[in-house]
Amino acid sequence: MNPRDYTAWLDGAASPRQARRVERELGAAAREEKESWEKIRVLLREHLKPCRLEHPDLINARVAEVLAKPSAKRIQLAPLHPWAWAGGGALAVAALLAAVLLPSFPPPAEESALSRVLSARAADARMYVTAFRAPAGRGVVVWIEGAGYIGPEEKVR
Amino acid sequence: MRLLTTLLLSLLAWAPAWGTPTIWSAVILATNEKPPKPVPEALAEFAPTLRRVFGYNSFYLLGEKTKEVRPGAEEWLVPSRRIFMKVGVSEAGGERCRLRTEFYDGKKLLVTAEADLAEDEPLYIRGPAWGRGQIVALLELR
């Protein structure tokens, strides 16, 4: 029997389903058990009085002192779940493999000193685009032919 | 726990090495004038290439913009009201970056280009003609 169901049933706080379950398990003894518990409760209520403290003020002062003290509770980190370790390990392996296997960027030094156009595409079929290295100079050029004409009266700046 | 913390800190320390590239962009009007006009200071180092490639002798800086573009992000570079670019950096490392740029004349997309850009190796884009000159856009990794 679930002790939580049982105590809730004794206290009269059980849901109908909990009560049915407890009463089914206890069978005929259920009624007797509840009556004896009721008797105990009545007796306790009648005879159990709070005990007298000899120095109530001193005890209250000590309790207040303890409550006022800043808590020196140690912060404890929750232990890591094994899956977290597995995840961390997998991340480390992935980083290592990426560093070793992926093609390096930037490319080797002799290539990295120069710019290069990898692709250039006109948005309009009436335009023609070509790319080349600037002759005797630094840099690369994307040359658009047929990009249109802006009248001198129009503002560009 | 200590191992995991060390690993995470190492990764964080490694991250800034990837770098955030700074892209300088400019819009230039190239024209032929007699006598040639003095080259603006900001364009002095580009003038020989501009003359040679585009065949003009005078250059006006219509606007410039410098922006940091985080790898994986896209930014609008708007050096002028009419000519601007959208730039996205896919990789960056050392003194270079890989970028994808869209070049616009107003709302009209002209070209989409992908380039590996090295420091001191600008990308010139020949845009539309303007009056008797030519619009040229410049992108440089700084």
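Remember, it's a predicted structure, so these values are computed and weren't measured experimentally. (Residues numbered from 1 in each chain as written. Chains lettered and ligands numbered in written order. Predicted model: local features only at pLDDT ≥ 70, side-chain atom pairs only at ≥ 80, totals over all residues. Heavy atoms only, no water.)

Asks: Kindly report on the packing of helix 1 (residues 3–11) of chain A against helix 2 (residues 16–26) of chain A, identifying the contributing residues and their values.
Replies: How two helices sit against one another is set out by the angle between their axes and by the gap between those axes. Residues and elements named next belong to chain A. Running from N to C, helix 1 and helix 2 cross one another at 100°; their axes reach a closest spacing of 9 Å. Relative to helix 2, the element helix 1 is oriented roughly perpendicular. Contacts between helix 1 and helix 2 involve Asp5, Tyr6, Ala8 and Trp9 from the former and Gln18, Ala19, Arg21, Val22, Glu23 and Leu26 from the latter. For the contact of helix 1 with helix 2, the class distribution of residues is 6 nonpolar, 1 polar and 3 charged. (Axes fitted to C-alpha atoms, helices over the stretch in contact; angles between N-to-C directions. Helix = DSSP H or I, 4+ residues; strand = E, 2+ residues; numbered from the N terminus. Parallel < 35°, antiparallel > 145°, perpendicular 65-115°, else oblique. Contact = heavy atoms within 4.5 Å. Nonpolar A, V, L, I, M, F, W, Y, C, P; charged D, E, K, R; others polar.)

Asks: Explain the side chain of B:Thr49 residue by residue, including any values.
Replies: Assignment of secondary structure puts B:Thr49 in helix 2 (residues 47–54). Relative accessible area serves as the criterion here: at 7%, B:Thr49 is assigned to the buried category. What B:Thr49 contacts, discounting residues up to four positions off in sequence, is A:Ala134, A:Gly137, A:Arg138, B:Phe54 and B:Tyr124. (Buried < 20%, exposed > 50% of the residue type's maximum accessible area, 1.4 Å probe, protein only.)

Asks: Run through the environment of B:Arg132, naming residues and quoting values.
Replies: Residues and elements named next belong to chain B. With respect to the helices and strands, arginine 132 occurs in the loop between strand 7 (123–130) and strand 8 (133–141). By relative accessible area, arginine 132 is classed as exposed at 82%. In sequence terms arginine 132 and threonine 31 are 101 residues apart; their C-alpha atoms lie 6.6 Å from each other.

Asks: Now, about the side chain of B:Thr101: what can you tell me, with residues and values included?
Replies: Residues and elements named next belong to chain B. Its location among the elements puts threonine 101 in strand 5 (residues 96–105). Residue classification places threonine 101 among the buried positions, given a relative accessible area of 1%. Separated by 3.4 Å, the side chain of threonine 101 and the backbone oxygen of lysine 86 make a polar contact. If we ignore the near neighbours within four places in the chain, the residues touching threonine 101 are Met85, Lys86, Val87, Val111, Thr112, Ala113, Leu123 and Leu139. (Polar contact = N/O pair within 3.5 Å; in protein donor to acceptor, adjacent residues only side chain to side chain.)

Asks: Can you lay out the interface of chain B and chain A for me, pointing to particular residues and giving the numbers?
Replies: Listed per partner, the contact involves 51 residues of chain B and 50 residues of chain A. Both faces considered, chain B and chain A share a buried interface measuring about 4400 Å² in area, 58% of it formed by carbon and sulfur atoms. Contact with chain A buries area across many residues of chain B, yet B:Arg96, B:Glu121 and B:Arg126 alone supply 15% of it, more than any other trio. The interface formed by chain B and chain A contains 5 salt bridges. Across the pair A:Arg138 and B:Glu45 runs a salt bridge, and its minimum N-O distance is 3.0 Å. At the junction of chain B with chain A, the criterion picks out 20 residue pairs in polar contact (both at pLDDT 80 or more). Elements that contribute at least two residues to the side of chain B that touches chain A include exactly helix 1 (2–18), helix 2, strand 2 (58–68), strand 4 (83–93), strand 5, strand 6 (108–118), strand 7 and strand 8 of chain B. Ranked by residues supplied to the side of chain B that touches chain A, first place goes to strand 6 of chain B with 11 residues. (Buried area = accessible area lost by both parts, 1.4 Å probe. Salt bridge = Lys/Arg side-chain N within 4 Å of Asp/Glu carboxyl O.)

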